[in-house]
Amino acid sequence: GENVEQHPSTLSVQEGDSAVIKCTYSDSASNYFPWYKQELGKRPQLIIDIRSNVGEKKDQRIAVTLNKTAKHFSLHITETQPEDSAVYFCAASPEDSGNTPLVFGKGTRLSVIA
Amino acid sequence: GAVVSQHPSRVICKSGTSVKIECRSLDFQATTMFWYRQFPKQSLMLMATSNEGSKATYEQGVEKDKFLINHASLTLSTLTVTSAHPEDSSFYICSARDALRGTSYNEQFFGPGTRLTVL
């Protein structure tokens, strides 16, 4: 089955700096890679996703890159703000019958220091 | 957007009792729902995949007789924790897919979670 590794587990950056979180996956059949932001005690919120037919996707300060050959994908947050502080999870799954669940990484606790 | 609700948001129960958690898709139909458990400072661990009208598929190590899942309609799945023990205390989160988006779209929408505390 799919295995998703995520690094780093914790990340502290100064406000205004960039943050990068990296994930690798094992199943070459995976082609859907979402990123979720979770604040303490709340539900995970989808912030951006990418499918295997593209290599990069950007939404304002957030971007995701995908390298299918190397089986890794990364989240980039630029001009970080204190409200970006949260736990971020990457996930992977194949888009097939829809019964396939997401496999999550272990999460990265991002702290943005004002 | 797609909204998923969960009830209750918090529950405290005595050891040995059963607790039912409901997961509802409010504005879309969900043929498939997923139940996750999240311990403090850990990731979401999939417990089971719930399919409308059929038996749930449980992940390895999850006792199906302890965690009963029923997906009786396209908008409701329930998770019942039977004979709960303190080690079952956790944050339980469901997610759902929108059936009408078709099989090529795997975005999942999460419920707000249920914090279970077993005394």
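Residues numbered from 1 in each chain as written. Chains lettered and ligands numbered in written order. Predicted model: local features only at pLDDT ≥ 70, side-chain atom pairs only at ≥ 80, totals over all residues. Heavy atoms only, no water.

J.: I'd love a proper account of the packing of aromatic side chains, names of residues and values included.
T.: Remark: the centre distance and the inter-plane angle together describe each pair of aromatic rings, the angle taken between the planes. Following the criterion strictly, the structure yields 12 aromatic pairs over all chains and no others. With a centroid separation of 5.6 Å and 65° between ring planes, the pair formed by W35 of chain A and F73 of chain A is classed as edge-to-face. Here W35 of chain A is found in strand β4 (residues 32-38), whereas its partner F73 of chain A is found in strand β8 (residues 72-77), with 38 residues between them in sequence. In this structure W35 of chain A comes out as buried when scored by relative accessible area, which is 0%. Here F67 of chain B and Y92 of chain B contribute two aromatic rings whose centre-to-centre distance is 6.5 Å and whose plane-to-plane angle is 40°, an arrangement assigned as tilted. A residue pair is termed long-range when its members are at least 10 positions apart, and F67 of chain B in strand β7 (residues 67-73) and Y92 of chain B in strand β9 (residues 90-96) qualify at 25 residues. Like F67 of chain B, the residue Y92 of chain B is buried in the burial classification. Here a set of aromatic residues connected by ring pairs shows up, and it is made of Y36, F89 and F104 of chain A together with Y36 and F110 of chain B. Seen from the ring of F67 of chain B, K66 of chain B lies directly overhead, with NZ or CZ sitting 5.8 Å from the centre. (Phe/Tyr/Trp six-rings, centres within 6.5 Å; stacked < 30°, edge-to-face > 60°. Helix = DSSP H or I, 4+ residues; strand = E, 2+ residues; numbered from the N terminus. Buried < 20%, exposed > 50% of the residue type's maximum accessible area, 1.4 Å probe, protein only. Lys NZ or Arg CZ within 6 Å of the ring centre and 35° of its normal.)

J.: I'd like a description of the environment of I21 of chain B, backed by residues and values.
T.: All names here are of chain B. With respect to the secondary-structure elements, I21 resides in strand β3 (residues 19-25). The sequence separation of I21 and L119 amounts to 98 residues, and the corresponding C-alpha distance is 17 Å. The residues contacting I21, other than those within four sequence positions of it, are Q6, H7, P8, W35, S77, T78, L79, Y92 and T114. (Contact = heavy atoms within 4.5 Å.)

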